[in-house]
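Observations on the three-dimensional arrangement
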Amino acid sequence: MGHGGYALPCYGLISIFLVLHPINGDVSYSIPEEMKRGSIIGNIAKDLGLDLGRLHARKARIDADEDNAQHCGVNLNTGDLLVQERIDREGLCGKKASCVLKQELVLENPLELHRISIRVQDINDNSPQFKEDSLKFEIQESAHKGERFLVGEAHDGDIGENAVQGYTLEQNEHFKLNVNTKAVELVLNKELDREKSKEINLLLTAVDGGSPQKSGSVIIDVNVLDANDNVPVFSQAVYKASLPENSPPGIVVLSVSATDADEGLNGDVTYDFGHIAEDVKSMFTIDSKTGELKLMAAIDFETASSFELRVIAKDGLGLTSYAKVIIDVSDVNDNAPIIQLKSLSHPIPENAPPGTEVGIINVQDRDSENNRQVRCSIQQNVPFKLVASIKNYYSLVTTGHLDREVVSDYNITIRATDEGSPPLSSSKTVHLSVADINDNPPEFEEQSNSAYVSENNKPGSALCSVSARDPDWRQNGTVIYSLLGGEVNGAPVSSYVSVNGDTGLIHAVRSFDYEQFRSFKFQVMARDNGSPPLSSNVSVSVFISDVNDNSPQILYPAPEGNSFMTELVPKGAHGGSLVSKVIAVDADSGQNAWLSYQIVKSTDPGLFSIGVHSGEIRTQRDISESDSMKQNLVVSVKDNGQPSLSATCSMYLLISDNLAEVPELKDISYEEKNSKLTSYLIIALVSVSTFFLTFIIIILGVRFCRRRKPRLLFDGAVAIPSAYLPPNYADVDGTGTLRSAYNYDAYLTTGSRTSDFKFVSSYNDNTLPADQTLRKSPSDFAEVFHDCLDPLEVGMRVFQGSN
């Protein structure tokens, strides 16, 4: 229960008790009319047991029930129900005994609806008023004592005690006042004498029962006439009619009829309205002669469902009588439903689960009974539906999963149709946007990409580009590219390639070498800017094509200046015999590694020839005694690239069957040993300059000597292993590279009492098999090599020709 006070500006301070009791609702209050704006009616939150702290979050508000204006508001901080607009009881309810103002408290999340009934109590704010400022009566002097003359009632807009409670008549000798529940009458208390007084003036005052009391007066002018002793009489006391709303103006509602028994002017009856409200008076008119009651303006059932009129019948000399006219307005289905969007969650995230409440819809129809029964539906095939909630409220909820990438906006048309005949309908379109969620990772256009680049490319040159698409919106769909960690030949992949983070264009960081690696693979990641970010990867394969950037490398004989190699050719070699073979490789591939051989210089041009593709050196004719023992050949090896690259080597051939026949070898050995000694002396002199450099250079010198030890004819065993190929060189038949079918191994050692030559077959039909062992004593070698101090391993290739 609650109570409050209201100050009336003219009547002093009074206490008005606010009584809470149910009046067709959840809570009710009683307040006086004309309370000031902002006055507190009661604490709605406390009375309904609501959580004051959640009024803001639940969007608490006051809605008018049906056609009532919104006179109240709610203070979301205190929970107080406040007067928002002027509350005039007479304007709201007229003369009704009970005036109830209906409001609704609406809460969301979850939706709650509380009906509020506010009983508006009358205060004495209206004075009694007569219809006219003066009344005129014409009374026959023949009127008898006790005759009654009807006086129009005073009207007071208030009700109850504040309405008209009594009348007083100014003191006079001819008339007294008679007041009853039906009428106010002047009673002739003394016969009139026209000769003494032709006119009598009276003051009639009406007073109400309010505090302070208010009053209203009217002046009554009585003209004394000749006798008119009959009043008009209506054919019935109450007239009733039914009129459909929206009837056209000018239609005759009904006709009233009254008769007067008098004749002449005394029996001439005219009609008029009694006291009625001005707005009602403007809607109807009555013919003063015929009594026809016509409609002058459109009527609306939703505004007023009935009218009650008082009709006066007056004769020529002023005698009157009253009749009541009741007009019932029948409802017509003339109001389409009104759709109001009370709340809308906009935009809605695309990951909202089915059943999520998106908005609240309120549907009203001002018609009555079946005409106000409404059905609501959604027109399109959209993942939403309407769920009936409280009274005429509907919840708009999702029925399925949303996907912004498929549909980003929805125009939901809600249609409401009533049950009238014919039915009326209305529609409202609700625009709803779907908010993006980062639910799509970037997707590459191709699952794998390939790039082809020639070796020796320029650093920074473009290789290829990758492209990924993310259907999400804004930052969720912004794609950034980056390299995934990995290694290529033991080095980070970022040292080989880079990717543009915005465009996905892949650049080479360094120049590639086909001979180091021919292809490599790495992965590029595409990541969006969502939270959390999503990503996907794509493989990129880079294939390096060969460029002729490597000259042929001669494996045998060793290049000039590195070693001294001599081949021994038997004197009895026939034409076509295999003498030796130039072995070369090319680090390039394909046609860039196809090698061709050519003798560019020789001691005897007609003695030896070389295979263009095999590199085999053969005799063109039989060896003769006139041929020089020492033969020097310069061989050029050229690849098939564009442009082609080449290398040359020198081969020394000795035509002899016995080492003893070659005294010149001694000089060659000594020259080589002197050259070697000179190199060591230079290294030793340089190393003395500093201790630190000495240590480093000695180590490097030792390593250098071990690796680069010259293979002289007298300084070790010469052997080319049959399975040996340098790194990155392919063993390709017919391209001039090393083939195991042309390896010849011969070993000569001087560390024992006897020395053996071992001849191994070349597996070539043009080479005679030599499986003999040549034995010589140490004295034989002493004659040839003179004063060599160190034991020498002598390696040579011995070739014999076949006829």
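This report concerns the structure included in the present document. Here, residues in each chain are numbered from 1, in the same order as that chain's written sequence. A pLDDT threshold of at least 70 governs which residues receive local features in this predicted model, and a stricter bar of 80 or more applies before side-chain atom pairs are shown or counted, although totals over entire chains, interfaces and linings include all residues. Derived side-chain values reflect all non-hydrogen atoms in the structure, with water molecules and hydrogen atoms excluded from consideration.

1. Some thoughts on the pairing of strand β31 (residues 393-398)
Most of β31 sits inside the fold, with six of its six residues counted as buried. For two strands to pair, DSSP has to find at least two bridges joining them. Elements are defined by DSSP. Helices are runs of H or I of four residues or more, strands are runs of E of two residues or more, and each kind is numbered from the N terminus. Pairing of strand β28 (residues 357-364) with β31 involves five bridges; the strand directions are antiparallel. Following the sheet pairing, Gly 359 is matched in β31 by Leu 396. Relative to β31, strand β30 (residues 384-388) runs antiparallel, the two being bridged by five bridges. From the neighbouring strand, Phe 384 faces β31, where its bridge partner is Thr 398. With antiparallel pairing between neighbouring strands as the criterion, β30 and β31 make up a hairpin whose turn holds four residues, including Lys 391 at a positive phi of roughly 55 degrees. Exposed residues in this analysis have more than 50% of their type's maximum accessible area, buried residues have under 20%, and partly exposed residues fall in between, with area computed by a 1.4 Å probe over protein chains only.

2. Comments concerning the side chain of Asn 362
With respect to the secondary-structure elements, Asn 362 resides in strand β28. Residue Asn 362 is classed as buried on the basis of its relative accessible area, which comes to 2%. Under the rule applied, a polar contact is a pair of N or O atoms within 3.5 Å (in protein, one hydrogen donor and one hydrogen acceptor; residues adjacent in sequence only if both atoms are side-chain atoms). A polar contact of 3.4 Å, which involves the side chain of Asn 362, links it to the side chain of Gln 364. Side-chain polar atoms of Asn 362 contact the side chain of Asn 392, separated by 3.2 Å. Here, residues are in contact when the closest pair of their heavy atoms is within 4.5 Å. Ignoring any residue separated from it by four or fewer positions in sequence, one finds Asn 362 in contact with Ile 338, Ile 339, Gln 340, Lys 342, Asn 392 and Tyr 393.

3. Some details on the sheet that holds strand β21 (residues 270-273)
Strand order in the open sheet formed by four strands is β18-β25-β24-β21, and the pairing between neighbours is mixed. A single partner strand is all that each edge strand has here, and the edge strands are β18 (238-244) and β21. When the angles between neighbouring strand axes are averaged without regard to direction, this sheet yields 30 degrees. For strand β24 (residues 306-314) and strand β25 (residues 320-330), the ladder comprises nine bridges, and the chain directions are antiparallel. Bridging across to β25, Leu 309 finds its partner in Val 325. Simply put, an axis is a line fit to the C-alpha atoms, just over the touching stretch for a helix, and the angle between two N-to-C directions goes from 0 to 180 degrees.

4. Description of unusual backbone geometry
Trans is the common state for peptide bonds, and a negative phi is the common state for residues other than glycine. Looking along the chain, the bond that leaves Ser 421 and enters Pro 422 is cis, with omega of -5 degrees. Note that Pro 422 resides in the loop between β32 (409-418) and β33 (425-435). The backbone of Lys 391 sits at a positive phi, close to 55 degrees, despite the residue not being glycine. Positive phi, normally seen in glycine, also occurs at Arg 474, with a value near 50 degrees. When you line up the elements, Arg 474 lands in the loop between β37 (468-469) and β38 (479-483).

5. Observations regarding the pairing of strand β3 (residues 27-32)
By the criterion of burial, β3 is predominantly enclosed, with six of the six residues buried. Burial along β3 is two-sided: Val 27, Tyr 29 and Ile 31 and Ser 28, Ser 30 and Pro 32, pointing in opposite directions, are all buried.

6. Things to note about the sheet that holds strand β12 (residues 164-169)
Overall, mixed pairing links the four strands, which are arranged β10-β16-β15-β12 in an open sheet. A single partner strand is all that each edge strand has here, and the edge strands are β10 (134-140) and β12. Between one strand axis and the next, the sheet turns by 25 degrees as a mean value, whatever way the strands run. With five bridges connecting them, β12 and strand β15 (residues 199-208) associate as antiparallel partners.

7. Thoughts on the state of the cysteines
Note on terminology: disulfide denotes any pair of cysteine sulfur atoms within 2.5 Å. Across all of its chains, the model carries one disulfide by this definition. At a sulfur-sulfur separation of 2.0 Å, the disulfide partner of Cys 93 is Cys 99. One quick way to see it: the torsion about the S-S bond of Cys 93 and Cys 99 is about 65 degrees, and its sign makes the bridge right-handed. Both residues of the pair, Cys 93 and Cys 99, belong to the buried class.

That is the geometry; function is a separate question.
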